[in-house]
Number of protein chains: 2
Amino acid sequence: MISLKDLKKKVKENGYKLTPQRKAILKVLIGHNKHFISAEDILKETIKIYPNLNITTIYRNLEILEDINMLHKTKDNNTALYCLICEESHHHHIICKICGKTEIIDFCPLKKFSDLVKEKNFILTDHKIELYGYCEDCKKDLNP
Amino acid sequence: MISLKDLKKKVKENGYKLTPQRKAILKVLIGHNKHFISAEDILKETIKIYPNLNITTIYRNLEILEDINMLHKTKDNNTALYCLICEESHHHHIICKICGKTEIIDFCPLKKFSDLVKEKNFILTDHKIELYGYCEDCKKDLNP
DNA sequence: TTGTAAATGCAAATAATTTGCAATTAGGAG
DNA sequence: CTCCTAATTGCAAATTATTTGCATTTACAA
């Protein structure tokens, strides 16, 4: 289980200061561990911890966390979503198209891809596998 | 091989008119078949065919084509990219992080995912697998 | 040929994200 | 502990892709 302490440590190791704003953001992220969350929603949560934190600060910190490989960013609609990278296991997600609920799919077919990629003379650096559908709650509301 | 004629037919079948602007857009899309392209780049190309076509028209048509399932939209950086859906084969892509060149990876591990998804009580409706890296040309320019 | 809903072009609006800049602050050096 | 400096923040304004309102034009079925 990833801890707030670990996150703070990694931030410091990378030469960034531990401001109260940054700590609040980390706390919120860890509260949503393994689920995607938007910058705006992070703001709503952090404000409870550090009342007048600015959205700019959120964005700047998310960018830093992404740079030092602590955060995974994805953008499918018009709003970017973020999710802590927990290194324990490499995995992908299924995302509910209605409520955004996210579950982990603990399987990665990357090895099978890498040969195919080599054939195309690409160097593979990143990959993103996202599954979409309806979660248990939302599927009840679907029209028959 | 998908043809312009097929595309026009599908557009008509769905009750949309065949305006010259729309035809120009389809022509450009088919010219980039199996590769992603941005709205702005589509505009640059269509303008050669239909000189004062407006970017709004591009966006509105891309939305229609997406609605009738002729177009696949993806958004990773801040710009959406579009790619005709050719139904002949289901596949995924590798995208060069520098120049955007796209190649097809003709493999889909979806079946392996579906069992895992069922365990989570989701209904799986869509999936997106995107691989990123550097293409043959761009990898030459990478710093050593 | 005509009528009408669909489609277009333009300008203005929107919304997420970024940037400039002055003020504040974390945290290492002394 | 105090001071210094680079890092960080907050605010307001800029940016950029995309969308919307509206008047005008057009495809195409009758």
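Here's what I pulled together on the structure shown here. All values derive from a computational prediction rather than experimental measurement.

**Digging into the sheet that holds strand E1 (residues 37-38) of chain B**
The strands that make up a sheet pair up through hydrogen bonds in the backbone, lying either parallel or antiparallel.
Residues and elements named next belong to chain B.
Then step 1. Read from one edge to the other, the open sheet built from three strands follows the order E1-E3-E2, with strand pairing classed as antiparallel. Edge positions in the open sheet fall to E1 and strand E2 (71-75), since each of these has one partner strand only.
Then step 2. Both E1 and strand E3 (residues 80-84) contribute to a ladder of two bridges, which runs antiparallel. Pairing of Ser 38 across the sheet is with Leu 81, part of E3.

**A look at unusual backbone geometry**
Then step 1. For Asn 121 of chain A, which is not glycine, the phi dihedral falls at a positive 60°.
Then step 2. Locating Asn 121 of chain A in the fold gives a position in the loop between helix H5 (110-119) and strand E6 (123-134).

**Some remarks on the sheet that holds strand E3 (residues 80-84) of chain A**
Then step 1. In space, the three strands of this open sheet follow the order E1-E3-E2 (chain A), with antiparallel pairing throughout. Looking at which strands have only one partner, the edges of the open sheet turn out to be strand E1 (37-38) and strand E2 (71-75) of chain A.

**Structural notes on the pattern of salt bridges**
All names here are of chain A.
Then step 1. This structure, assessed with the given rule, holds six salt bridges over all chains.
Then step 2. Ionic pairing is found between Lys 9 and Glu 13, a salt bridge with its closest N-O pair at 3.5 Å. Of this pair, Lys 9 and Glu 13 both sit in helix H1 (residues 4-13), separated by four residues, roughly a single helical turn. In terms of burial, Lys 9 and Glu 13 fall into one category: exposed.
Then step 3. Across the salt bridge formed by Lys 44 and Asp 41, the nearest N and O atoms sit 3.3 Å from each other. Taken together, the positions of Lys 44 and Asp 41, both in helix H3 (residues 39-49) and three residues apart, correspond to about one turn of that helix.

Basis of the calculations
- Residues numbered from 1 in each chain as written.
- Chains lettered and ligands numbered in written order.
- Predicted model: local features only at pLDDT ≥ 70, side-chain atom pairs only at ≥ 80, totals over all residues.
- Heavy atoms only, no water.
- Pairing = 2+ DSSP bridges.
- Helix = DSSP H or I, 4+ residues; strand = E, 2+ residues; numbered from the N terminus.
- Salt bridge = Lys/Arg side-chain N within 4 Å of Asp/Glu carboxyl O.
- Buried < 20%, exposed > 50% of the residue type's maximum accessible area, 1.4 Å probe, protein only.

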